[in-house]
There are 4 protein chains.
Amino acid sequence: VSTPWERYSHPELAAIWYTPEAVGAFVYQHRVLIQVALVQEWMNLIKKGTGKALQKVEVNLERILQIQKEGENHQTRAYLRMVQEKMRENGDEEFLSEIFRLMTSYDLWDTGLGLMLPESAKILIQDLEGVEQELERLAVEHRRTLMIGRSHGIHGRPITFGKKCLDWLEKISFAKNKLEEAEGKVKVGKLSGAMGIYSQNPRVEEWACAELGLTPASVSTQIIDRIIYADFFNAVTLVMCALEAIALNIREGQRTERREWEEPFDISGSNAMPHKRNPEKCERICGLARKVRADQAVLYENITTWEERSLEQSSPERLIFPEMLVLTGYCARLMKRVLRGLVIYPEQMRRNLDLTNGAIYAEDLKDALQQKGVPQIDAYDWAKEVSQRAYWGEGELVSNSLQHLKISEYLSKAELMEICNPESALRYIDQIYARFAL
Amino acid sequence: VSTPWERYSHPELAAIWYTPEAVGAFVYQHRVLIQVALVQEWMNLIKKGTGKALQKVEVNLERILQIQKEGENHQTRAYLRMVQEKMRENGDEEFLSEIFRLMTSYDLWDTGLGLMLPESAKILIQDLEGVEQELERLAVEHRRTLMIGRSHGIHGRPITFGKKCLDWLEKISFAKNKLEEAEGKVKVGKLSGAMGIYSQNPRVEEWACAELGLTPASVSTQIIDRIIYADFFNAVTLVMCALEAIALNIREGQRTERREWEEPFDISGSNAMPHKRNPEKCERICGLARKVRADQAVLYENITTWEERSLEQSSPERLIFPEMLVLTGYCARLMKRVLRGLVIYPEQMRRNLDLTNGAIYAEDLKDALQQKGVPQIDAYDWAKEVSQRAYWGEGELVSNSLQHLKISEYLSKAELMEICNPESALRYIDQIYARFAL
Amino acid sequence: VSTPWERYSHPELAAIWYTPEAVGAFVYQHRVLIQVALVQEWMNLIKKGTGKALQKVEVNLERILQIQKEGENHQTRAYLRMVQEKMRENGDEEFLSEIFRLMTSYDLWDTGLGLMLPESAKILIQDLEGVEQELERLAVEHRRTLMIGRSHGIHGRPITFGKKCLDWLEKISFAKNKLEEAEGKVKVGKLSGAMGIYSQNPRVEEWACAELGLTPASVSTQIIDRIIYADFFNAVTLVMCALEAIALNIREGQRTERREWEEPFDISGSNAMPHKRNPEKCERICGLARKVRADQAVLYENITTWEERSLEQSSPERLIFPEMLVLTGYCARLMKRVLRGLVIYPEQMRRNLDLTNGAIYAEDLKDALQQKGVPQIDAYDWAKEVSQRAYWGEGELVSNSLQHLKISEYLSKAELMEICNPESALRYIDQIYARFAL
Amino acid sequence: VSTPWERYSHPELAAIWYTPEAVGAFVYQHRVLIQVALVQEWMNLIKKGTGKALQKVEVNLERILQIQKEGENHQTRAYLRMVQEKMRENGDEEFLSEIFRLMTSYDLWDTGLGLMLPESAKILIQDLEGVEQELERLAVEHRRTLMIGRSHGIHGRPITFGKKCLDWLEKISFAKNKLEEAEGKVKVGKLSGAMGIYSQNPRVEEWACAELGLTPASVSTQIIDRIIYADFFNAVTLVMCALEAIALNIREGQRTERREWEEPFDISGSNAMPHKRNPEKCERICGLARKVRADQAVLYENITTWEERSLEQSSPERLIFPEMLVLTGYCARLMKRVLRGLVIYPEQMRRNLDLTNGAIYAEDLKDALQQKGVPQIDAYDWAKEVSQRAYWGEGELVSNSLQHLKISEYLSKAELMEICNPESALRYIDQIYARFAL
């Protein structure tokens, strides 16, 4: 069996969530099992030596899978059986009764997640820092590269490409920051046992968690409240949405008519049409974002569980936690590659600025009129008349204004020429950058 | 790399969507490529012999993957390169210029889906028929097995377990019927080439589709309109939701206090608590239903594409089509197994009927009063008084009614005794079953 | 209280779902109550004259709301109380005990939906027919209006604007057709009473439904299976998605750089920038589509209910059924208006065709080479070389090809000139239109 | 027009989002408009006196709506026209050219949201504190009220009802805490004008925001990045999900067979079945949670916008922001009422503890065996044998164990009797409560 999403992989994240060595997160759960034994030992709850006996055991995934095939479908029990076999082999029979004392599967599972999720977050954060670096570089390089700003797809007024990169940077930083916060909230473990009523002394939980670098959940049912995972993956979803937003805008900028930039091109494009260079990396990011957003809906549903626990949360988590992390990590890395190789066409940006015969300075015209004392509504209407004609190819803003009975009363040709200046976009550019210490 | 969802597999569906031989659906697309060549040949558009040359080629997935690793990331081009290598080996160089003439990747891809989706639907329908058979069997066996009906989780009035099975049956049949309809609508192919403007004669499309058992899409852009896939997977989602609804209700019936049935038990339950038998199969169905429902949201988004096509639909489809089908197929099969092995406890159903001291006959009491001419509102209020007391353990319905000043004016003890009869549930049971020809 | 969505209204649909006279669908439920009484009378189950007494009662919403304010929060009971008050006023006390016999609230509610949903579907279908007419008109008018086809936002090969309108038409027609089918499946009523076990003779259901133009649900719990509503609203969602897809593409075509059409402009655009004409109607359609798509997710969840019924489906249905219908109807009507007033700029389409120096004929060049016997892979690579240079402004396709050592061996200048012909888009245009009988 | 959701209202939140005085948030936007003028005045950018002139104007919603009906469909422009009319009436013509200088509609709109959302959050937080208080009260009262813990719906081991209340409390507190954090992140304003390129000095933004108690967005396009709203409403969704989780569990506890508590009953229940008391408040919470969860999906989509802004985010926000807040607030308040009036049945809890003949002590039995040196796997298997028989009514745990060849070797009757003690749930209860300082 081979799955299509091997196309969208991220080795470091896959190593936590998919590789044979880590499947089912046994490696992380094994760390938990050992740590619990060490604490229990230290508290004289179990025989001295158990922890050491467990440390001698290495997780053998193949054997676990075989045990499952032999009919033990409970994953944790298959793992424990493997552990016990190995202990026997090691001559540690005397500790067989000591392990997994007063624990339940999710003591391992959820405490394991307390290790896996923060580790994943850290990797993802690193990828995002890579994205941020590229965006900072672009922002600095193109601080004064003029281009048209657009709203509703229609030319608005001039901005700079660097300023746009700051918008993107801020979006990524917000999401990264959320992930950092959320990481703190999932560094949580639980050893409250079946029903969460503490079959064993809560001290075991406190000390084992401390050793593992985790906070014990203030309270837990048989499982940790899924609300903390919904919140964590909200942050992951925000990351994905931030990438999606940038990707969509890169795609729009690469449209043939606009062609202000191009994502790096390294594969053949269309199979039918040899001339094509498609923004297919950014399209892929947009596509995968749909999947990640949809997954998040499930995690909200998972917050509700029957009494001390029911199992509906389990199967979707097995699919969704890895999927959301790997796909988002994949896209972050892909975005970094896209930004690093982004080919920028400043002349084309400049050319596009001039497409509307000066209509894009209508706001400045309106304000100039207001400054001369024209009421806001009149100023708007007059500027609308002359600029809409310019937009549709009838004359251009300055000449139309000079021919306009009212406007020409207030503004001279020289004043009008000054208004039609894309460098207005630079007026406050330094203050804008100052907020980013750039 | 090993994925968690190997836990939820369905061999026949996986064979279409995941097995190495079929990855990327090359096998189906190869059938399309051959068929197109045969038609083009027959129409004298390409050299005679091309079709035969192609038929000699077998899809070699390993080679395709290797070509991709060598740098050709375009999947269809990697496949074509494999085909051409093989043709060269076969001494069929002269046909190299003849294949894939005036086609675009999605001519293969979407026409391939026209083969894969109906084939998948058929398998799924078979599984559903298995579910239907079990439900029919249960319905027939338990036609007269009395149990309490519940609304809002509160005892309502008596029904039979067989009647409940008819509700479930109808739900499955509705969904199955939708799937049959939807199957018809995705038996569609397209060979309209790049931009959907027919680089080649539409006759090629018509005839090749006919040979493949498909209808040509009335019109297509570079791809088939994703609306037909959204609709097809709506049917799949309905199937999954129907299974979810039954699964939830089986879980509720297995609650310790109620214990009217149990799903078959073949794995060890809780790891901590040895006494437990959990309805974990049905819980798994409920969990996976969340995933499938979430996926469907993406397919609605995919209906929108930029102009003649953009690529966002591609990556999520690669993940979602297989996932929705395999998970739903897995759950259908699991449900069949659950129903086949469902352990029914009719005595417990009977015991539960008596938990409320006759309160559950309040509606019949009310109606008996109305029959005697008591206005609806008064009848309701009196019946409420005596039945709510019974429900809360103060007396039981008959004695409370006899002590009630108004009710006792209208109804005798004998009449009251007759009202308190669970067999009222059987009054129209034959007419109900008659609608199912059971 | 005034709600924001009065902005997005549809008078005929609002009249079913929102106007004071219809709130809670009392008018439709009253029709059901009367019809049931008539049938019960005819079957000698209740006193003759009850039906007539009910027919004398008109739904008085104000009184119902007042009764609710007086403390009767059960909506159906408030309605029944209003009915009974009125019957008393009319001197029809003798029938007070006869009405609502052996019925439950959802006998009224769901049978009422069986009237409301098909009526809504019909209105929506009419609106869609309006959209279809506009699209047909555009398709006919612009059958031969050449424009560039695009994939991934990049110029592909020429098509015609009329052909694009056929794509849109087909999308709308598919959705409309689904709605027609779904309408048939919700023309369903149920009178199976509490727990769906038929407190009264199933004949009452059969005959009353027949009189109301409905099919009785084969089987029902206390409510009709929500799967039929999920399916119905899948069709509504598909309609909304079809509108969204068209709206997005209209917006893209109105971008300043492309400007191939404009939606009709009747409001002031930007408040700051007087020159702007924004495609804000189509943007609104895209926005509202997000809402409708999201709502559908809830209807899938609603398929699961506890036993014979639980109430979670009720509150979201009260919000979602009206919302999905009114928003979709509003958007259909808005789309019709947009299409009717769409301003088309064929010269701009033509101008855009020429933006890439002939690169868009690369596929035809490739095929011409294949026709001369060049293997597909070589033909592709050569065409790629010359066309990508043209796309990026180095020469144009014909001259580049003539300078290309290999291509020039196979193709003459005259042949190349013929390849670079946008009228290739017209080659099979008549066959395409023939499928639509246009 | 009357909408169904007047059923689910919250006066204080509705006053911000729906009441006529506040529709379209004009009141908040007016505060922004005034504040901007005051700052501009102070910076000598406009005539002194403008701010005072604006302060004399009160928002007149009726007039705005009338202006809209007269054909001005741009909401902000209708509002500005109303303002200007009033200024004229007040004899403040000289300031007409001074207002709304270099601003764009979303300078008002989004800065207004910066006031409305935190204000809404505060109200919601107050409601949640009410919920917390009830949960604390219950937790304290029922610290030692024994009941059975359940997993998968099956009896697990004893807990206390107070402990369960702590689980619920923690869930609400987590969500409330998220809302507090998120509130801080939406206290943001923007006055960066059209395209976000600062038509006017960024100082105006800084100072006006400071006066309004807001932080200026570090950078903005024409609108504030929607990512902050998606994040804010994630917190709202978590609140709703927390309420849903509690509501579902209250419903389960009220099931006839279990009846451990009942939500307060103040309306008539079933219309057909007079004896019923349904947990319909909690069902309503569960229903509305589906709607709120679905809405959140849209806000993730809204993060992506075309370039400096497009309008798709606008129409869904108008519907969703109010809806999510009002429905969640309504449910929080309803939950408080439910908890305050919750009728608890401790004797029934106790009765349910004894339903399984001691099977629920199987874990303690297993551990007792392990303490005696029995390997974990054997201990598990033996305990399973005797406990599963007890669960199914064959004997009870102690006698079965005494008859068990192996167990009886290790444990005496006295030891077994001690194991079967529900008060094991109290062993660490004080430590658990200590974490809550209760």
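Bear in mind that the values here come from a model prediction, so they are computed numbers and not experimental data.

### Concerning the interface of chain B and chain C
Part 1: Across the contact, 99 residues belong to chain B and 99 residues belong to chain C.
Part 2: Contact between chain B and chain C buries roughly 8600 Å² in total, counting both sides, with carbon and sulfur atoms accounting for 54%.
Part 3: Our enumeration of links across chain B and chain C arrives at 16 salt bridges.
Part 4: Between Lys171(C) and Asp225(B) there is a salt bridge, with the nearest N and O atoms lying 2.9 Å from each other.
Part 5: At the boundary of chain B and chain C, one finds 54 residue pairs in polar contact (both at pLDDT 80 or more).
Part 6: Top contributing element to the side of chain B that touches chain C by residue count: helix 9 (residues 227-254) of chain B, with 14 residues.

### Details of the packing of aromatic side chains
Part 1: Using the criterion set out here, one finds 56 aromatic pairs over all chains in the structure.
Part 2: On the numbers, 5.1 Å between centres and 20° between planes, the contact of Trp392(B) with Tyr345(D) is stacked. Taken together, the residues Trp392(B) in the loop between helix 14 (376-391) and helix 15 (397-403) and Tyr345(D) in the loop between strand 6 (343-344) and helix 12 (346-353) connect one chain to another.
Part 3: Overall, the relative accessible area of 18% leaves Tyr345(D) in the buried class.
Part 4: A centroid spacing of 5.7 Å and a plane angle of 20° characterise the contact between Phe26(D) and Tyr79(D), whose relative ring orientation is stacked. One end of the pair, Phe26(D), is in helix 2 (residues 26-42); the other, Tyr79(D), is in helix 5 (residues 75-89), and 53 residues separate them in sequence.
Part 5: According to the relative accessible area criterion, Phe26(D) is buried, its value standing at 2%.
Part 6: Chaining the aromatic ring pairs together yields one cluster made of Trp17(A), Tyr229(A), Phe232(A), Phe233(A) and Phe321(A).
Part 7: Its guanidinium or amino end placed over the ring of Tyr391(D), Arg259(B) lies 4.3 Å from that ring's centre, counting from NZ or CZ.

### Focus: the relation of the copies chain A and chain B
Part 1: The transformation that overlays chain A on chain B combines an axial shift of 0.0 Å with a rotation of 180°, and the residual RMSD is 0.0 Å. The symmetry that links the two subunits is that of a two-fold axis. Minimal C-alpha separation from the rotation axis in chain A is found for Ala294(A), amounting to 2.6 Å.
Part 2: Mapped onto chain B, 100% of the interface residues of chain A again fall at the interface, so both copies present the same surface.

### Some thoughts on the relation of the copies chain B and chain C
Think of it as a corkscrew move, a rotation about one axis and a shift along it, taking one chain copy to the other.
Part 1: When chain B is fitted to chain C, the residual RMSD is 0.0 Å, and the transformation amounts to a turn of 180° plus an axial shift of 0.0 Å.
Part 2: When the interface residues of chain B are mapped onto chain C, 100% of them again lie at the interface, so the same face is used by both copies.

### Some points on the interface of chain A and chain B
Part 1: The partner chain B presents 64 residues to the 64 residues of chain A that form the contact.
Part 2: Approximately 5600 Å² of surface area, both sides summed, lies buried where chain A meets chain B, with 57% of it carried by carbon and sulfur atoms.
Part 3: The interface formed by chain A and chain B holds 14 salt bridges in total.
Part 4: The residue Glu323(B) makes a salt bridge to Lys291(A) at a minimum N-O spacing of 3.0 Å.
Part 5: Our count for the chain A to chain B interface comes out at 16 residue pairs in polar contact (both at pLDDT 80 or more).
Part 6: Secondary-structure elements contributing two or more residues to the side of chain A that touches chain B are helix 5 (75-89), helix 9 (227-254), helix 10 (280-301) and helix 11 (314-341) of chain A.

### Focus on the pairing of strand 1 (residues 146-151) of chain B
Two faces make up the sheet, and in a regular strand the side chains alternate between them.
Residues and elements named next belong to chain B.
Part 1: Where burial is concerned, most of strand 1 is hidden: six out of the six residues are buried.
Part 2: Here strand 1 runs beside strand 2 (residues 154-160); their pairing, made up of five bridges, is antiparallel. Opposite Arg150, over in strand 2, you have His155 as the bridge partner.

### Some thoughts on the environment of Val386(A)
Part 1: Note that Val386(A) resides in helix 14 (residues 376-391).
Part 2: If near-sequence neighbours (up to four positions away) are discounted, Val386(A) is found in contact with Leu365(A), Leu397(A), Asn400(A), Ser401(A), His404(A) and Ile407(A).

### Section: unusual backbone geometry
Residues and elements named next belong to chain B.
Part 1: Even without a glycine there, the phi angle at Asn44 is positive, about 60°.
Part 2: Unlike most non-glycine residues, His152 shows phi in positive territory, near 60°.
Part 3: With respect to the helices and strands, His152 occurs in the loop between strand 1 and strand 2.

### Structural notes on the pattern of salt bridges
Close approach of charged atoms allows side chains of opposite charge to pair.
Part 1: Counted by the stated rule, this structure contains 208 salt bridges over all chains.
Part 2: A salt bridge links Asp364(A) to Arg157(A); its shortest N-O distance comes to 2.9 Å. Here Arg157(A) lies in strand 2 (residues 154-160) and Asp364(A) lies in helix 13 (residues 362-371), a separation of 207 residues in the sequence. Like Arg157(A), Asp364(A) is buried.
Part 3: Notably, a salt bridge pairs Lys190(C) with Asp107(C), separated by 2.7 Å at the nearest N-O pair.

### A word on the side chain of Glu72(B)
Part 1: Relative to the helices and strands, Glu72(B) is located in the loop between helix 4 (61-69) and helix 5 (75-89).
Part 2: Within the structure, Glu72(B) has its side chain in polar contact with the backbone nitrogen of His74(B) (distance 3.0 Å).

### Brief notes about the confidence of the model for chain A
Part 1: Of the residues in chain A, 96% have a pLDDT of 70 or more, and the chain-wide mean is 93.
Part 2: For this predicted complex, the interface score ipTM comes out at 0.95, while the overall pTM is 0.97.

### A look at the packing of helix 10 (residues 280-301) of chain D against helix 11 (residues 314-341) of chain D
All names here are of chain D.
Part 1: Two numbers describe how helix 10 lies on helix 11: the axes approach to 9 Å, and their chain directions differ by 150°. Considering the angle they form, helix 10 stands roughly antiparallel to helix 11. Helix-helix and strand crossings are classified by hand; for helix 10 and helix 11 the assignment is left-handed.

### Some details on the packing of helix 7 (residues 161-186) of chain B against helix 9 of chain B
In helix packing, the relevant descriptors are the interaxial angle and the interaxial distance, both defined with respect to the helix axes.
Residue and element names in this part refer to chain B.
Part 1: Orientation of helix 7 relative to helix 9, taken along the N-to-C sense of each, is 165°, at an axis distance of 8 Å. In terms of orientation, helix 7 lies roughly antiparallel with respect to helix 9. Judged by the sense of rotation from one axis to the other, the crossing of helix 7 with helix 9 is left-handed.
Part 2: Tallied by class, the residues present in the contact of helix 7 with helix 9 amount to 19 nonpolar, one polar and five charged.

The rules behind the values
- Residues numbered from 1 in each chain as written.
- Chains lettered and ligands numbered in written order.
- Predicted model: local features only at pLDDT ≥ 70, side-chain atom pairs only at ≥ 80, totals over all residues.
- Heavy atoms only, no water.
- Contact = heavy atoms within 4.5 Å.
- Buried area = accessible area lost by both parts, 1.4 Å probe.
- Salt bridge = Lys/Arg side-chain N within 4 Å of Asp/Glu carboxyl O.
- Polar contact = N/O pair within 3.5 Å; in protein donor to acceptor, adjacent residues only side chain to side chain.
- Helix = DSSP H or I, 4+ residues; strand = E, 2+ residues; numbered from the N terminus.
- Phe/Tyr/Trp six-rings, centres within 6.5 Å; stacked < 30°, edge-to-face > 60°.
- Buried < 20%, exposed > 50% of the residue type's maximum accessible area, 1.4 Å probe, protein only.
- Lys NZ or Arg CZ within 6 Å of the ring centre and 35° of its normal.
- Least-squares fit on C-alpha atoms with pLDDT ≥ 70 in both.
- Pairing = 2+ DSSP bridges.
- pLDDT = per-residue confidence, 0-100.
- Axes fitted to C-alpha atoms, helices over the stretch in contact; angles between N-to-C directions.
- Parallel < 35°, antiparallel > 145°, perpendicular 65-115°, else oblique.
- Left-handed = near helix turned anticlockwise from the far one by under 90°.
- Nonpolar A, V, L, I, M, F, W, Y, C, P; charged D, E, K, R; others polar.

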